[in-house]
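# Breakdown of the fold
So the chains spell out like this:
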Amino acid sequence: MSSSDIFIGETIGTAVLILLGGGVCAAVTLKRSKAQNAGWLAITFGWGFAVLTGAYLAGGVSGAHLNPAVTIGLAIEGGTKWSDVPLYLGSQLLGAVIGAVLVWLTYYGQFRAHLTDPEILDAQSGEEGMVDKATAPKAGPVLGIFSTGPEIRHAVQNLVTEIIATVVLVLAILTQGLNNEGNGLGTLGALVTALVVVGIGLSLGGPTGYAINPVRDLGPRIVHALLPLPNKGGSDWGYAWIPVVGPLVGGAIAGGLYNVAFA
């Protein structure tokens, strides 16, 4: 595939992935949303459908990596040229940023209603309904729509959780089609991957929110930091390295495991 194929496929596919994935988080979180408080099942299935849609759109163009951890795993496995890796990663990050901006545009009114609601502001500051930037929490009230965060903040555990979950994802992708003469599953692979993502969310997503994709977390976190959202609080940059490093390490381990156990 050409460089333009990679750029177009990965940018559009990742943008759709983040639009639908971040969209379900916004729908569940924001006041004045019809889906508010729909819960964890809605989020996990929403992200699964997001992966399904993004992968189906980009599969025939770029191979639908949509995730630097997948790209690294495929490069180690040998299915992707290392010279193409920077283009994949850059396109994925751009797509993630675009997708996060689209979530903001889609829920613009709900963001404003949520972030000017006295209950939300009081919960953030406890003082006259205004958020004091000096004392605002590391994660603002809508950061979870854009990026992940741990329930228990412990760097080693959080990192290990992201590594383990990403190994499961990438290894499941690399082993697709082993019973089909090594030809892969074609478009059916998008469905299998989506179901794996749902399974990871249900089983392994509780501790950290299962980023399992560096740009899924980093791109929207950048957007959160830059968007003119009132009273948005912090972007929690102290945690931001974990959902980047963890999935990259997990993708590399999965690629190595594949070469040892399945190649």
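Notes on the structure in this doc start here. For clarity, every value in this text was computed on a predicted model and none was experimentally measured.

Counted under the stated rule, the structure contains 1 cavity of 30 Å³ or more. Of the volumes computed, that of the largest cavity is approximately 50 Å³. Residue lining of the largest cavity: I18, G22, W47, A100, V103, I145, F146, R216 and P220, and that is the complete set. Among the elements of the structure, α1 (3-29), α4 (85-106), α7 (143-146) and α10 (214-226) are those that each provide at least two residues to the lining of the largest cavity. Taken together, the residues of the lining of the largest cavity break down into 7 nonpolar, 1 polar and 1 charged.

A grouping of F7, I8, I12, L57, V61, L94, I98, L102 and L105 is seen on the molecular surface, where their side chains present a nonpolar patch of about 720 Å² in accessible area. Only α1, α2 (40-62) and α4 provide two or more residues apiece to the nonpolar patch. Considering each element in turn, the nonpolar patch owes the most residues, 4 residues, to α4. Relative to the helices and strands, L105 is located in helix α4.

Core analysis: the biggest nonpolar cluster contains 52 residues, and W47, F111, V142, I145, F146 and L229 have the highest contact counts within it. In terms of residue count, helix α8 (residues 155-174) provides more of this core than any other element does, 9 residues in total.

Moving on, we get to the environment of S62. Looking at the element boundaries, S62 is found in helix α2. Along the backbone, S62 and F7 are 55 residues apart, and their C-alpha atoms lie at a distance of 7.7 Å. Setting aside its immediate chain neighbours within four residues, S62 contacts M1, D5, I6, G9, E10 and Y88.

A word on the packing of α2 against helix α9 (residues 188-204). Following both chains from N to C, one finds α2 and α9 inclined at 155°, their axes separated by 8 Å at the closest point. By the angle between their directions, the pair α2 and α9 is classed as roughly antiparallel. The element α2 and its partner α9 pack so that their crossing is right-handed. Packed against α2, whose contacting residues are W40, L41, T44, F45, W47, G48, V51, L52, A55 and Y56, the element α9 presents A190, L191, T193, A194, V197, V198, G201 and L202 at the interface. Tallied by class, residues from the contact of α2 with α9 come to 14 nonpolar, 4 polar and no charged.

Per the stated rule, a full pass over the model turns up 4 salt bridges. When the shortest N-O distance is used, the salt bridge between D236 and R153 registers 2.8 Å. With D236 in the loop between α10 and α11 (242-261) and R153 in the loop between α7 and α8, this residue pair connects regions lying 83 residues apart in the sequence. Residue D217 pairs with R221 through a salt bridge whose shortest N-O separation is 2.7 Å. With D217 and R221 both in helix α10 and 4 residues apart, this pair spans about one turn of that helix. The pair D217 / R221 is uniform in exposure class, with both members buried. Salt bridges here are not isolated pairs; linked through shared partners, they connect K31, D117 and E119.

About the cut-offs
Residues numbered from 1 in each chain as written. Predicted model: local features only at pLDDT ≥ 70, side-chain atom pairs only at ≥ 80, totals over all residues. Heavy atoms only, no water. 1 Å grid on protein atoms, 1.4 Å probe; cavity = no way out; pocket = protein on both sides within 12 Å on 5 of 7 lines; lining within 4 Å. Points joined across faces, edges and corners; volume = space filled by probe spheres on them. Helix = DSSP H or I, 4+ residues; strand = E, 2+ residues; numbered from the N terminus. Nonpolar A, V, L, I, M, F, W, Y, C, P; charged D, E, K, R; others polar. Patch = residues over 30% accessible without salt bridge, like charges linked within 9 Å, V, L, I, M, F, W, Y side chains within 5 Å. Areas by Shrake-Rupley, 256 points an atom, 1.4 Å probe, with all protein chains shown as cover. Salt bridge = Lys/Arg side-chain N within 4 Å of Asp/Glu carboxyl O. Core = buried A, V, L, I, M, F, W, Y, C linked by side-chain atoms within 4.5 Å. Buried < 20%, exposed > 50% of the residue type's maximum accessible area, 1.4 Å probe, protein only. Contact = heavy atoms within 4.5 Å. Axes fitted to C-alpha atoms, helices over the stretch in contact; angles between N-to-C directions. Parallel < 35°, antiparallel > 145°, perpendicular 65-115°, else oblique. Left-handed = near helix turned anticlockwise from the far one by under 90°.

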